[in-house]
Amino acid sequence: MTQYIPFEDTGYFSKFITDYLAQKEPLKCLYHRFPLTTNFLEQIKEKQAHFSKEHRTLLFQVLKEQYQNLSISEKTHSHIEALQQEHTFTITTGHQLSLFTGPLYFIYKIVSTIVSCQQLKQLYPNYTFVPIYWMATEDHDFEEINHFHLSNRTICWNSDQTGATGNFSTNTLEAVFQTFDRAIGLGKNADELRALFRNSYLKNNNLAEATRYLVNALFEDYGVVVIDGNDKALKKEFIPYISNDLLHSVAHREVTKSIEALQKVNSTYPVQVNPREVNMFYLTPNGRHRIIRTSEGFEVHDTNIRFSKEAILEELNTYPERFSPNVILRP
């Protein structure tokens, strides 16, 4: 017996979300296609025309490099290889590098991409669908990811490291492991979890590598591919979008339009996110700092770094890896 409860009846979702899920007409102007399986063929055709062979080759090469020190399943290997083919498409989720997966939502997101790929393959057998977990390695909100819950206690990683969390060294996680080791108890499952934590976090140098190992270990049978967007070759492809944001505030303008449209539909809808004039951060060895436009050009918040318009464009083209998008520009 299976019983289905409407989202609205659960009491867990806002009216904005339930109206979207119900495909209410006034909201349709704010998205392209609703994610029904029957809508994917048109989406496939659109993406097929948009991405070139060069894009696919670059993605394949970057993933090969990112996976070079990790043993992967045949399924994952075949998925990475398949990305070179024009009939292959990705279903992508993303999440912060939550310690030992953190909230269950971390798992649900990845499972959802796997299930979506399986459903789409049944519906469109001539295409290949690859589940992707995109690591938010550039996020700097360490307090959101530095803990996980075990039974009735919270196990926390204390560290004074700053900046992009993907670069955080894992050399201080031994103490966390010892606490986890004592709390997990005895038995086969406990031993497997100990090994998973140890192999993920104590045998990898930074949090990005550790999280890639962890997700691969959990989902390798399903061929989940893990990607780190904080990569110079990938950031180079992102330069036109960064430039548009720095010089023309495209994201600020477009998101503001969406906020105004939402308010016209229903003034009680909450504002989902407030865009900034510049939605980019600048990465330094000591942190991830907002870029602010000034009358003289640009400054990096909480630092002495200043750029003229010409200088920041030169910096962008030479070192694109130093520029990091906020949540608005991540998609």
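Model, not experiment: these values are computed from the prediction.

Engineer: Mind laying out helix α5 (residues 74-82), listing which residues take part and the relevant values?
Structural biologist: For α5, the set of buried residues is Thr 76, His 79, Ile 80 and Ala 82. Angularly, the buried residues of α5 cover 160° about the axis, an arc narrow enough to put them on a single face. For α5, the secondary structure elements touched by its buried residues are α4 (53-66), β1 (88-95), β2 (128-135), α10 (207-219) and β5 (225-228).

Engineer: Explain the packing of aromatic side chains to me, and be specific about the residues and the numbers.
Structural biologist: Counted by the stated rule, this structure contains 21 aromatic pairs. Ring-pair connections join several aromatic residues into one group, and the members of that group are Phe 100, Phe 148, Phe 177, Phe 180, Phe 197 and Tyr 201. Directly above the ring of Phe 89 sits Arg 56, whose terminal nitrogen or CZ lies 5.6 Å from the centroid. For the cation-ring pair, Arg 288 lies above Phe 281, with the distance from its terminal atom to the ring centre recorded as 4.0 Å.

Engineer: Describe the nonpolar core, naming the residues involved and giving the relevant values.
Structural biologist: In terms of nonpolar packing, the biggest core is built from 42 residues, with Tyr 133, Phe 180 and Tyr 201 touching the most fellow members. Of all the elements, α10 adds the most residues to this core, at six residues. Met 280, Ile 291, Ile 328 and Leu 329 belong to the second-largest nonpolar core, a separate cluster that totals 19 residues.

Engineer: Hey, could you go over the packing of helix α11 (residues 232-248) against helix α13 (residues 309-318) for me, with residue numbers and the actual values?
Structural biologist: Angle between the axes and distance between the axes are the two parameters that describe a pair of packed helices. Following both chains from N to C, one finds α11 and α13 inclined at 160°, their axes separated by 9 Å at the closest point. The angle between the axes of α11 and α13 places the two elements in the roughly antiparallel class. Classified by chirality, the crossing of α13 by α11 is left-handed. Residues Lys 232, Ile 239, Ile 242, Ser 243, Leu 246 and Leu 247 of α11 form the contact with α13, whose own contacting residues are Lys 309, Ile 312, Leu 313, Leu 316, Asn 317 and Thr 318. For the contact of α11 with α13, the class distribution of residues is seven nonpolar, three polar and two charged.

Engineer: Describe the side chain of Asn 146, and please don't skip the residues or the numbers.
Structural biologist: Take Asn 146: it is sitting in the loop between α7 (142-145) and β3 (147-150). Separated by 3.0 Å, the side chains of Asn 146 and His 147 make a polar contact.

Engineer: So what about the pairing of strand β7 (residues 287-293)? Which residues, and what values?
Structural biologist: Note: strand β6 (residues 280-284) against β7, four bridges, orientation antiparallel. Residue pairing for β7: Tyr 282 is matched across the bridge by His 289. The antiparallel hairpin formed by β6 and β7 contains two residues in its connecting segment. In this structure, the hairpin formed by β7 and strand β8 (residues 298-300) is closed by a connection of four residues, where Gly 297 is found at a positive phi of approximately 150°.

Engineer: Before we move on, could you go through the pattern of salt bridges and cite the residues and values that matter?
Structural biologist: Within this structure, the stated rule accounts for 15 salt bridges. Residues Arg 293 and Glu 277 are paired through a salt bridge, measuring 2.9 Å at the closest nitrogen-oxygen approach. Of this pair, Arg 293 sits in strand β7 while Glu 277 sits in the loop between α12 (250-265) and β6, and the two are 16 residues apart along the sequence. The exposure class of Arg 293 is partly exposed, given its relative accessible area of 25%. Where Arg 306 meets Glu 299, a salt bridge forms, and the shortest distance between an N and an O atom there is 3.7 Å. Residue class for Arg 306 comes out partly exposed when judged on its relative accessible area of 48%. Looking at Glu 299, the relative accessible area reads 23%, which means it is partly exposed. It is possible to trace a salt-bridge network through shared partners that takes in Lys 15, Asp 19 and Lys 24.

What counts, and at which threshold
- The residue numbers shown here count from 1 along each chain, following its written sequence.
- Reporting in this predicted model follows two pLDDT cut-offs: at least 70 for local features of residues, and 80 or more for side-chain atom pairs to be given and counted; totals over whole chains, interfaces and linings ignore these cut-offs and use all residues.
- Calculation of side-chain values draws on the structure's entire complement of heavy atoms; hydrogens and water are dropped beforehand.
- To sort residues, take the accessible area from a 1.4 Å probe on protein chains only and compare it with the maximum for the residue type: under 20% means buried, over 50% means exposed, and anything in between is partly exposed.
- The helix count covers DSSP runs of H or I at least four residues long, the strand count covers runs of E at least two residues long, and both are numbered beginning at the N terminus.
- In this context, the arc is that of the directions from the helix axis out to the C-beta atoms.
- Contacts: residue pairs with any heavy atoms within 4.5 Å of one another.
- In summary, the pairing rule links any two rings of Phe, Tyr or Trp, Trp by its six-membered ring, whose centres are within 6.5 Å, and it sorts them by plane angle into stacked for under 30 degrees, edge-to-face for over 60 and tilted for everything else.
- Criterion for a charge above a ring: Lys NZ or Arg CZ within 6 Å of the ring centre, and within 35 degrees of the ring normal.
- Nonpolar cores are built from buried Ala, Val, Leu, Ile, Met, Phe, Trp, Tyr and Cys residues. Side-chain atoms within 4.5 Å join them into one set.
- Here, axes are lines fitted to C-alpha atoms. For helices the fit covers the stretch in contact, and angles between N-to-C directions go from 0 to 180 degrees.
- Note that the term roughly parallel is reserved for angles under 35 degrees, roughly antiparallel for angles over 145, roughly perpendicular for angles of 65 to 115, and oblique for everything else.
- Note on convention: the crossing is left-handed when the near helix lies turned anticlockwise from the far helix by less than a right angle, right-handed when the turn is clockwise.
- By the convention adopted, Pro, Cys, Tyr, Trp, Phe, Met, Ile, Leu, Val and Ala count as nonpolar, Lys, Arg, Asp and Glu as charged, and the other residues, Gly among them, as polar.
- Under the rule applied, a polar contact is a pair of N or O atoms within 3.5 Å (in protein, one hydrogen donor and one hydrogen acceptor; residues adjacent in sequence only if both atoms are side-chain atoms).
- A pair of strands is considered paired only if DSSP assigns at least 2 bridges between the two.
- By definition, a salt bridge exists where a carboxyl oxygen of Asp or Glu is found within 4 Å of a side-chain nitrogen of Lys or Arg.

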